[in-house]
Every structure is written in structure tokens, then in C-alpha cells.
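# Coordinate inspection notes
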Amino acid sequence: MIKSSLLRVLALAAVFVMAISASAVAATKVNVRVEGAKATLFEGDVSASAGKLTSNIGEDRSSHSCDVASNGGSGGAAATPTRALLAASEMPLGDRLGPIGFEWFESFTDFVVGSVGGEGPSGDDYWQYWVNFKPGEVGACAAALKKGDKVLWAIAEYGVPALRLDAPAVARKGRAFNVRVTSGTTGKAVAGARVGGATTGANGLARLTLRSGTKRTLGATKRGAIRSNIESVVLR
């Protein structure tokens, strides 16, 4: 009887440990957007998890962890911007991202993204990441993601602002409404951005009137800045 009870306790404990482990490595749902030099290569939700990547450029062609904990980051194993980029490339609409060039650098125990969709560094441009419009401050395998984060990868010079577009979810056909463009990093208004055929003023606002269709997608652009997120507006 005692032996049987002990076995049941041990079995329950094993199940409990496995449940905790599974939860710790569970995939994290985030939004990923990838901006190439001339076009948006991907934008959508993905499920990313901690794991390994294989270095396919440079001298080291082996696999290494990309999970925060193994890369000098703070906290336990977690999904990372680099793993989220890989997850995006494995989505049905992610074929434009491949092949992705990953290069491992032992000196700082992290990967550098060398190319995405055939686009590699040119001049001062290189692949860099933002999380919730904030530029990465650590290697992309050392940054932990949480559910709902917005991950942006773009090829650009250091310090180039990433535009953020805010638009109403619903608008009336034929009636004017405002959209606003800001720097995602600083939150400051961006003047001179083009969106929906209009140009933002000093306050970052542009006034649009949409007369046809049931749903329109809007994005903001400006020379010297990274394209904005896409906003969908339902017309009624």
C-alpha cells in the first residue's frame, strides 16, 4: 500500500514537472514585420519559441542556442526576435524571406542576420530589429519576447526612425478622418510622411477621405525612414 501510494505521488510529481517544462518552452504568439529596402517582405502573426539556429554563413557552420539564457540575456529560456524571424519564414506567406543568412559570433554568443530574402548589407545598411518600435539594445538572441509583442526587422542605417501609423478601425465612406504618423522610437510627430495619398503636417496628422470599397489598408512612407505598420480601416 505504501509503495503504491509512493509510486502515485512520484507519477503525479513527474507530470507536474513536465507541465511546468512544457509551459516554460511554449510558443509565444507575436507579430512580425520584415521591411526590405524596397518593399514589405512579411507582416503577420507567428508563434515563436526558444530553440537553436544553424549558422549558414561565415566560418562556423554549426548549431547554437538562441534562447536568451544561453546568449547573455536576462531571465530564462524565451522566444527571441531571431527565432521569430525564422518562424515567419516558415509561414505560408513567408517564402519571400528565404533564404535567411545566420552567422554565429562566439565573441558575443549571438547570431547576426546577414541576409533576408537575398537582401544583404549594402553601404551602411544592415539588418536590425525593433520590439514594440524600440530599437534592440542587445543581440537579437538575448532579447526575450512576450505574448503580443510587435517585432520589426528592417535593413537600414543605424538610427533611421521606424514610422508608426495610427488610424481608426472604422470610418464613414465619403467623410474625412484623421490618421497620425509618429516616430515609433520617440513618439514624436512626423511631418512630410505620405499615407493614403495625403501628406502629414507638422503635427503628424493627415486627413483622408475614402469613397469606395468596404475595407482599405493604409501604410505610411517617408524618405529616410522605415515604412510604417499597416492599418486596416473598415468603411461603412
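Please read all numbers here as calculations on a predicted model, not as lab measurements.

### A look at the pattern of salt bridges
For the structure shown, the criterion picks out four salt bridges. Where Arg-227 meets Glu-35, a salt bridge forms, and the shortest distance between an N and an O atom there is 2.7 Å. With Arg-227 in the loop between β17 (220–221) and β18 (231–235) and Glu-35 in strand β1 (residues 28–35), this pair connects stretches of sequence that are 192 residues apart. A residue is classified by how much of its surface remains accessible, and Glu-35, at 1% relative accessible area, is buried. The partner of Asp-149 in a salt bridge is Lys-146, with the nearest N and O atoms 3.1 Å apart. Among the residues examined, Lys-146 registers a relative accessible area of 54% and is labelled exposed. When salt bridges that share partners are traced, they join Arg-33, Glu-35 and Arg-227 into one network.

### Description of the environment of Arg-175
Within the secondary structure, Arg-175 is located in the loop between β11 (170–171) and β12 (176–183). Considered as a pair, Arg-175 and Arg-211 are 36 residues apart in the sequence and their alpha carbons are 7.9 Å apart. Beyond its immediate chain neighbours, meaning those up to four positions away, Arg-175 contacts Leu-208 and Thr-209.

Rules used in this analysis
- Residues numbered from 1 in each chain as written.
- Predicted model: local features only at pLDDT ≥ 70, side-chain atom pairs only at ≥ 80, totals over all residues.
- Heavy atoms only, no water.
- Salt bridge = Lys/Arg side-chain N within 4 Å of Asp/Glu carboxyl O.
- Helix = DSSP H or I, 4+ residues; strand = E, 2+ residues; numbered from the N terminus.
- Buried < 20%, exposed > 50% of the residue type's maximum accessible area, 1.4 Å probe, protein only.
- Contact = heavy atoms within 4.5 Å.

In short, the description is geometric, and any link to function would need to be established separately.
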